[in-house]
Amino acid sequence: MHARIEWGQVRVIAAKEFRDRIRNRWVVAVAVIFALFALAIAYFGASQQGEVGFRSIDVTVASLVSLVIYLVPLIALILGYDAIVGERERGSLELMLSMPITRFEILLGKYCGLSAALASSTVLGFGAGLLPLAAELTVRDGYHYAGFVGSAILMGMAFLSISMLVSVLALDRVRASGVAIGLWFFFVLIFDLLLMGALVLSQGRLSSNAFAALLMLNPADVFRLLNIFSSEQAQSLYGLATVMPGGLLEPAALLAIMAAWVVIPFLLANWSFKCPSR
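Residues numbered from 1 in each chain as written. Predicted model: local features only at pLDDT ≥ 70, side-chain atom pairs only at ≥ 80, totals over all residues. Heavy atoms only, no water.

> Whenever I open this one, the overall build of the chain confuses me. Can you help?
Check the secondary structure of the chain and you find 12 helices and zero strands. In sequence order, the secondary structure elements of the chain are arranged as α-α-α-α-α-α-α-α-α-α-α-α. Every one of the 278 residues in the chain was classed for burial, and the buried ones make up 47%. Accessible surface for the chain amounts to roughly 13500 Å². Of this, 68% is attributable to carbon and sulfur atoms. (Helix = DSSP H or I, 4+ residues; strand = E, 2+ residues; numbered from the N terminus. Buried < 20%, exposed > 50% of the residue type's maximum accessible area, 1.4 Å probe, protein only. Areas by Shrake-Rupley, 256 points an atom, 1.4 Å probe, with all protein chains shown as cover.)

And the structure:
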């Protein structure tokens, strides 16, 4: 369907989006926030047990997972909610569409540029946050931490896809921002409460397969599972290993589901963006 994509056009749009985030110091600000939280959790994460100092990468990642689930989806949703509706309100969208560029190329370019900004701030922030403790890390710790950062970027890209869909469908920026914040509340705060309520109301009749399937409907939970099952120590902290089907304990399966969360909302946004009314 998009066999003749002009990648040069996509790169131009992506580069502009990325430069805009660099120019307004968005990347630096988010990177600093991530770095401070990563260093604080790595060094002071065990203070409640009367210990201060780096304990292990498993404990650090398990603590950072909860933080990332709150911060990264919010940042991604705020980053992309006005990508299209903002251009429409400013009148610049009609100007772009009058040029030899397709709607898909505009959408893909904006998504790639915003994803690059999000990925850069995440890598810089979490990398700098653990840099002072580098001497205490093993090679295995480095790979584990890199996997955690990579999964955080994937989750951010999933929520960025969702925010692009919101931006295409929204009538104005105010409504788009409201929907974006509402989605953050739903996926990060409300979804798990509803799931726990369903478990209680089912009185044990909800099977582990059904429970696992419901968890897959939330990219934040997929991210959590990716990082829980990468470590036996983290599994013991969360206690989910006994209720999850064996097939979903495989990182490859969870990565495939996260990839679907990245691709499907973007394709829906592209389909809606091509509608004449948009």
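> Please clarify how helix α8 (residues 173-202) should be interpreted in this entry.
Every α-helix winds through 3.6 residues per turn, so residues three or four apart in the chain are directed the same way. Compared with an ideal rise of 1.5 Å per residue, which puts 30 residues at 44 Å, α8 spans 40 Å between its outermost C-alpha atoms and is within 8% of the ideal. The complete set of buried residues in α8 reads Ala 176, Ala 180, Trp 184, Phe 187, Val 188, Phe 191, Leu 195 and Ser 202. Tucked into the core, α8 has its buried residues touching α3 (57-80), α4 (85-90), α7 (139-169), α9 (208-215), α10 (219-228) and α12 (251-273). Of the residues flanking the end of α8, it is Gln 203, one or two places downstream, whose phi is positive at about 50°. (Expected span 1.5 Å × (residues − 1). Contact = heavy atoms within 4.5 Å.)

> Would you explain the packing of α3 against α7 in this entry?
What describes two packed helices is the angle between their axes and the distance between those same axes. At their nearest, the axes of α3 and α7 sit 8 Å apart, and the two run at 20° to each other. What the angle tells us is that α3 and α7 run roughly parallel. In terms of crossing hand, the pair formed by α3 and α7 is right-handed. Grouping the constituent residues of the contact of α3 with α7 by class yields 19 nonpolar, five polar and three charged. (Axes fitted to C-alpha atoms, helices over the stretch in contact; angles between N-to-C directions. Parallel < 35°, antiparallel > 145°, perpendicular 65-115°, else oblique. Left-handed = near helix turned anticlockwise from the far one by under 90°. Nonpolar A, V, L, I, M, F, W, Y, C, P; charged D, E, K, R; others polar.)

> Looking at this structure, how should I read the packing of aromatic side chains?
Both the distance between ring centres and the angle between the ring planes are used here to describe each pair of aromatic rings. Under the definition given, this model contains 11 aromatic pairs. Seen in terms of ring centroids, Tyr 111 and Phe 266 are 5.3 Å apart; in terms of plane orientation they differ by 50°. Their pairing is tilted. One end of the pair, Tyr 111, is in helix α6 (residues 103-130); the other, Phe 266, is in helix α12, and 155 residues separate them in sequence. On the basis of relative accessible area, Tyr 111 is assigned to the buried category, the value being 6%. Between Phe 148 and Phe 223 the ring centres are 6.2 Å apart and the planes differ by 45°, which places this aromatic pair in the tilted class. (Phe/Tyr/Trp six-rings, centres within 6.5 Å; stacked < 30°, edge-to-face > 60°.)

> How do you make sense of the side chain of Lys 110 when you look at a structure like this?
Mapped onto the elements, Lys 110 comes out in helix α6. Classification of Lys 110 by relative accessible area gives buried; the value is 3%. At 2.6 Å, the side chain of Lys 110 forms a polar contact with the side chain of Glu 17. (Polar contact = N/O pair within 3.5 Å; in protein donor to acceptor, adjacent residues only side chain to side chain.)

> It is not clear to me how the layout of surface pockets should be interpreted in this structure. Could you clarify?
Over the atoms a probe the size of a water molecule is rolled, and this reveals where empty space is left. Taken as a whole, the largest pocket holds about 180 Å³ of empty space. Forming the walls of the largest pocket are Gln 9, Val 12, Ile 13, Lys 16, Glu 17, Glu 87, Met 96, Met 99, Pro 100, Ile 101 and Lys 110. Class assignment for the residues of the lining of the largest pocket results in six nonpolar, one polar and four charged. (1 Å grid on protein atoms, 1.4 Å probe; cavity = no way out; pocket = protein on both sides within 12 Å on 5 of 7 lines; lining within 4 Å. Points joined across faces, edges and corners; volume = space filled by probe spheres on them.)

> Which parts of the structure should I look at to understand the nonpolar core?
One recurring pattern in soluble globular proteins: nonpolar side chains tend to sit buried together. In this structure, Phe 126, Tyr 145, Phe 148 and Phe 223 are the most contacted members of the largest nonpolar core, which totals 78 residues. Ranked by residues supplied to this core, first place goes to α7 with 14 residues. Residues within four places of Phe 148 in sequence aside, it is in contact with Val 61, Leu 64, Val 65, Val 68, Phe 126, Phe 223 and Asn 227. (Core = buried A, V, L, I, M, F, W, Y, C linked by side-chain atoms within 4.5 Å.)

> Any chance you could explain the pattern of salt bridges here in plain terms?
In a structure, side chains of opposite charge can pair up when their charged atoms sit close to one another. All told, the structure shown has 11 salt bridges when counted by the stated rule. Between Lys 110 and Glu 17 there is a salt bridge, with its nearest N and O atoms 2.6 Å apart. Here Glu 17 lies in helix α1 (residues 7-23) and Lys 110 lies in helix α6, a separation of 93 residues in the sequence. With respect to burial, Lys 110 and Glu 17 carry one shared label: buried. Asp 20 serves as the salt-bridge partner of Arg 23, at 2.8 Å between the closest nitrogen and oxygen. With Arg 23 and Asp 20 both in helix α1 and three residues apart, the pair spans about one turn of that helix. Each of the salt bridges in this network shares a partner with another, and the network as a whole consists of Glu 17, Arg 21, Glu 87, Arg 90 and Lys 110. (Salt bridge = Lys/Arg side-chain N within 4 Å of Asp/Glu carboxyl O.)

> Mind showing me how you'd approach a nonpolar patch on the surface here?
A surface patch of nonpolar side chains, amounting to about 500 Å² of accessible area, comprises Ile 78, Ile 181, Phe 185, Phe 186, Ile 190 and Leu 194. With five residues, the top contributor of residues to the nonpolar patch is α8. Topologically, Ile 78 is positioned in helix α3. By relative accessible area, Ile 78 is classed as partly exposed at 42%. (Patch = residues over 30% accessible without salt bridge, like charges linked within 9 Å, V, L, I, M, F, W, Y side chains within 5 Å.)

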